[in-house]
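Each chain is listed here by its residues.
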Amino acid sequence: MIFSDIIYQVYQTTVSTFTDVLPIVAILFGFQFAVIRKPMPNLGRVIMGFFWVLIGLSLFLIGLEWALFPIGKLMAQQLTDPVFLAGDNLEAIANLTWSDYYWVYLFAFLIGFATTIAEPSLIAVAIKANEVSGGAIGVWGLRLSVALGVAVGISLGCYRIVVGDPIHYYIMAGYVIVIGQTMIAPKLIIPLAYDSGGVTTSTVTVPLVAALGLGLAGTVPGRNPLIDGFGLIAFASLFPIISVMAYAQISESLSKRAQKKSQQHT
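Notes on the structure follow. Quick caveat: nothing in here was measured; it's all calculated off a predicted structure.

1. Some remarks on the nonpolar core
For soluble globular proteins, nonpolar side chains are generally found buried alongside one another.
Right, so step 1: By size, the foremost hydrophobic cluster in this structure holds 43 residues, and its most contacted members are Leu142, Ile154, Cys158, Ile189, Leu216 and Met245.
Right, so step 2: For this core, the secondary-structure elements that each account for two or more residues are helix 2 (43-79), helix 5 (102-117), helix 6 (120-132), helix 7 (139-163), helix 8 (167-184), helix 9 (190-199), helix 10 (205-219) and helix 12 (232-265).
Right, so step 3: Those residues in contact with Ile189 that sit more than four places away from it in its chain are Ile137, Val244, Met245 and Ala248.

Put into structure tokens, the structure is as follows:
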């Protein structure tokens, strides 16, 4: 890619992003001046903030297009290459089963865990939850439990793509578990658990997960990227709800056990 192409793509992306952000700006300023009827406080800082938002979103979208999407797709193609899975054994290549794709499941688990730990929205939610709860909800405890849920969910989603199972069976079973946990989990954690499922589908996790699913569905024999390639993000949203409530239930159980032991000793 030559320098002029780079400049043109940056320009195109910036103009497109400005068009997308413009309705938000119109609504905010419209309500401020037409409904609230007061001047915008710190107008200069607000305008500068929107400018940096525009630049940041544009660069982020370019980064997705040039780096994250190609990396996710390339890794899926390499990990599902029959030669990588079975070597030069033609008979083994012809008889590949779901268990032969264990490197895919491991990669999905690790990439799901790593991207969730680095997710800015999750970090923000964890910090606020820790502040509001007075330290009862640990920042790292919440982040690790959400990351573990995403990792397991994406791994299971990759298994679904490999075997070709209908996605709705997995989602229905997952929500049956969520409903059951909601009835018995500590009330403090339930709203946070549901929110944790949403914050995982954000800037870092979604691009890699989507690229991984499309790349996997495009390389596994008999799979259709349009039918099988999507759905990993649903797993990444559902399983953190389960893992966060499980984290709270385990923590509550350990706390009660510790209290019983202390009472017995006294």
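2. Quick look at the packing of helix 1 (residues 3-36) against helix 2
Right, so step 1: At a minimum axis distance of 9 Å, the contact between helix 1 and helix 2 shows a crossing angle of 135°. When the axes of helix 1 and helix 2 are compared, the pair comes out oblique. As for how helix 1 packs across helix 2, the hand of that crossing is right-handed. Contacts between helix 1 and helix 2 involve Ile6, Gln9, Val10, Thr13, Thr14, Thr17, Phe18, Val21, Val25, Leu28 and Phe29 from the first element and Leu43, Val46, Phe50, Leu54, Leu57, Ser58, Leu61, Ile62, Glu65 and Trp66 from the second.
Right, so step 2: Residue composition of the contact of helix 1 with helix 2, by class: 15 nonpolar, five polar and one charged.

3. Considering the pattern of salt bridges
Right, so step 1: Applying the stated criterion to the full structure yields one salt bridge.
Right, so step 2: Among the ionic pairs, Lys128 bridges to Glu131, the shortest N-O distance being 3.6 Å. Highlighted residues: Lys128 and Glu131, both in helix 6, separated by three residues, approximately one helical turn.
Right, so step 3: Lys128 sits in the exposed class, given a relative accessible area of 53%.

Reading the values: the criteria
- Residues numbered from 1 in each chain as written.
- Predicted model: local features only at pLDDT ≥ 70, side-chain atom pairs only at ≥ 80, totals over all residues.
- Heavy atoms only, no water.
- Core = buried A, V, L, I, M, F, W, Y, C linked by side-chain atoms within 4.5 Å.
- Buried < 20%, exposed > 50% of the residue type's maximum accessible area, 1.4 Å probe, protein only.
- Helix = DSSP H or I, 4+ residues; strand = E, 2+ residues; numbered from the N terminus.
- Contact = heavy atoms within 4.5 Å.
- Axes fitted to C-alpha atoms, helices over the stretch in contact; angles between N-to-C directions.
- Parallel < 35°, antiparallel > 145°, perpendicular 65-115°, else oblique.
- Left-handed = near helix turned anticlockwise from the far one by under 90°.
- Nonpolar A, V, L, I, M, F, W, Y, C, P; charged D, E, K, R; others polar.
- Salt bridge = Lys/Arg side-chain N within 4 Å of Asp/Glu carboxyl O.

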